[in-house]
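Read off the chains here:
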Amino acid sequence: MPLKILIVEDVFIEADHLSNILVKAGHSVTAIAKSVEQAFNALKKERPDMVMLDIFLKGHLTGIHLAGALAKQGIPFIYLSANSNPSTLEAAKATNPYGFLVKPFREKDILIALDIAAYRHRQAREHLARQERWLATLLSSVIKEVVTRDQKLLLLVKGLQQFIPFDLIVIDRTGIDVGGDSFHCFQRIDLEEYKRVDVPALMKKTQPGLIDAAALMDILRKRYSIQSSLSLSRLIFLSKAPEGFNAEHADLLRSIQGVLETVIGDIRRHARETMPLLTKLEEGIQDHNIRAQGIVGRSSKLLRVLDLVRQVAPVSSTVLISGETGVGKEGVAAAVHRLSDRKDKPLIKINCAAIPALLVESELFGHERGAFTDATDRRIGKFEQAQGGTVFLDEIGELPLSVQGKLLRVLQEKEIERVGGANPVKLDVRVIAATNRDLYDEVAKGRFRMDLYYRIHVFPIVVPALRERKEDIPLLAEHFLQAFALATGKAAKALSATALQQLMDYSWPGNIRELQHLLERHVLSTPSDLIEQIELPENFLPGRSPLPPEGGVSSPPNGKEAIIEALRKCNGKVSGKGGAAELLGINPNTLSTRMRKLGIRWKFIMK
């Protein structure tokens, strides 16, 4: 489809070359701007469908400054840059571009980037439109419910929670109330559970007198460590995350503002009801389809992940789950599948790192008899096995470049070709991918296809590391101890206060998997019913991780030095009890693959 494109580039030769390529391909160029100021003037005259934007421009404003304004206007943009160093990538990535082209660029790369950017923008608009319809319908149903005021408030809060990631919500009814509280405030404490904050009591303790909105916000920020807020009309959303809300959240609220006012007005009519103050409001049971995957915890970061799961599950959008090794990406993928319309069809899991490079294509897409020397029979690949269901591509960053191109065709054309086959096979599958790598960085290094990255990056879900949600450790520990007891048929062991504190102080480079393995070892080695002490790695000091905690989504245990250190401690043993894989909290096949890629040669001691 032809696009109207604004070029923002201060080098005339490059801008002219780019313009010629675009016009030749059937697109139109609305203007060529040499600076951010010129770009703003061009935007006033004609709204483009796409902006191709150089990061470094002459003048005091950069392309990154312009990107923020484009995002607010809902105009997609692709970065152009001759500099792809890590700091530039990080700054560019924070503005959520629709593509990134490194100079000098080829005609093919430009057209592919445009196609992907247009596709992603369409997907984003369709997703926002779906959210608007769902939320408007949900809120309209609140009005029809014949329930009490408090129950209506809860229905409103729960409906908004699915789309706006808040830790607290304040409903300001000042000026429209007919008796009762002017402010209603709820704190989220679990997936389907909220605690009502006693606003009058809170204000009396800290600031006696008239309840003032600004004073209330100040108290809530301090008491609940609030880092960001979003307000619209009579609603104020508060989050403990520094960047808890974005432009999409604000746009969504504005689009359904009329419905929100109607719902709040309807709740007003219940204001005269005398109701006892509830300290906890609950409705129904928790979603077992999510919790059944072993996703345990109540931290705000984990609950946000579960909200995203519930949001994306009903549609067939491609999902990219990222996070360190051992954080539970597979459980998140399983939850998406079980909450979808495909739940009765297969969920086929593929560990891309565990398949030998020469067999990847045959494993994924199948082969015909005689396709190669050992192909004595036709083989149906994983994608065909998942027909009607879901394919989960774990560690997608490990796929060879040659196979990445074929996977891109599957996503674009919804069909595969078996190795040695002549006819394409039509597919109806949903793809969920997972990675512990920074794929954006892999693209910059030429190890992952840019077009594939943007095809799978339709609906991203980032699973937090365990050190980022330590408040969930007691619940996780109890869950694992109960699971071990059930598996062995014995009474569950308990943790002493000292042991639990040790778990809380540790930084968990291997995340949940490391916690699970550590507790299992202590259950087996502790004769009594109480685990008094936890034996942590020798080089661990309280408050410091034995491995560097930084590094994006790539897991610290994947580093060369960390692997060598683990092998030394385990006397070269890779897998099995007491092996390096267990110590690092990663799959033995994954560790072997990492060792080959990093050139680590070690004598295997299998016991």
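Here is a short report on the structure shown in this document. (Residues numbered from 1 in each chain as written. Predicted model: local features only at pLDDT ≥ 70, side-chain atom pairs only at ≥ 80, totals over all residues. Heavy atoms only, no water.)

Here we take up the overall build of the protein chain. Counting its regular elements, the protein chain contains 24 helices and 20 strands. The buried share among the 607 residues of the protein chain stands at 52%. For the protein chain, contacts bridging at least 24 residues in sequence account for 69% of all contacts bridging at least 6. Working note: accessible area of the protein chain is about 28,400 Å², and carbon and sulfur atoms make up 52% of it. (Helix = DSSP H or I, 4+ residues; strand = E, 2+ residues; numbered from the N terminus. Buried < 20%, exposed > 50% of the residue type's maximum accessible area, 1.4 Å probe, protein only. Contact = heavy atoms within 4.5 Å. Areas by Shrake-Rupley, 256 points an atom, 1.4 Å probe, with all protein chains shown as cover.)

So, about helix 22 (residues 560-569). All of the buried residues in helix 22 are Ala562, Ile563, Ala566 and Leu567. Looking straight down helix 22, one finds that the buried residues subtend no more than 135° of arc, so they occupy a single side. Away from its buried face by more than 90 degrees, helix 22 exposes Glu561 and Arg568. Packing partners of the buried residues in helix 22 comprise helix 23 (580-584) and helix 24 (588-598). Where helix 22 terminates, the next one or two residues include Asn571, which has phi positive at roughly 55°. (Arc of directions from axis to C-beta.)

Another aspect to go through is helix 9 (residues 247-255). Residues His249, Ala250, Leu252 and Leu253 constitute the buried set of helix 9. Around the axis of helix 9, the buried residues are gathered within 160° of arc, so they sit on the same side. Where helix 9 starts, the residue carrying a side-chain oxygen 3.0 Å from the main-chain nitrogen of Glu248 turns out to be Asn246. (Polar contact = N/O pair within 3.5 Å; in protein donor to acceptor, adjacent residues only side chain to side chain.)

Right, let's get into the sheet that holds strand 13 (residues 347-351). The strands making up a sheet are joined through hydrogen bonds of the backbone, oriented either antiparallel or parallel. Spatially, 13-14-17-12-18 is the arrangement adopted by the 5 strands of the open sheet, whose pairing is parallel. The two strands at the open ends of the sheet, each matched to only one other strand, are strand 13 and strand 18 (459-462). For this sheet the average axis-to-axis angle between neighbouring strands, irrespective of direction, equals 20°. Here 4 bridges tie strand 12 (residues 319-322) to strand 17 (residues 430-435), and the two strands are oriented parallel to one another. Bridge pairing in strand 17 places Val319 opposite Ile432. (Pairing = 2+ DSSP bridges. Axes fitted to C-alpha atoms, helices over the stretch in contact; angles between N-to-C directions.)

Here the focus is the packing of helix 22 against helix 24. Between helix 22 and helix 24, whose axes approach to 11 Å, the crossing angle comes to 120°. Comparing the axis directions of helix 22 and helix 24 gives the class oblique. For the pair helix 22 and helix 24, the crossing hand works out as left-handed. Only Leu591, Arg594, Met595 and Leu598 of helix 24 make contact with helix 22, whose side of the interface consists of Lys560, Ile563 and Leu567. Of the residues assigned to the contact of helix 22 with helix 24, the class counts are 5 nonpolar, no polar and 2 charged. (Parallel < 35°, antiparallel > 145°, perpendicular 65-115°, else oblique. Left-handed = near helix turned anticlockwise from the far one by under 90°. Nonpolar A, V, L, I, M, F, W, Y, C, P; charged D, E, K, R; others polar.)

Keep in mind these values describe shape, not function.
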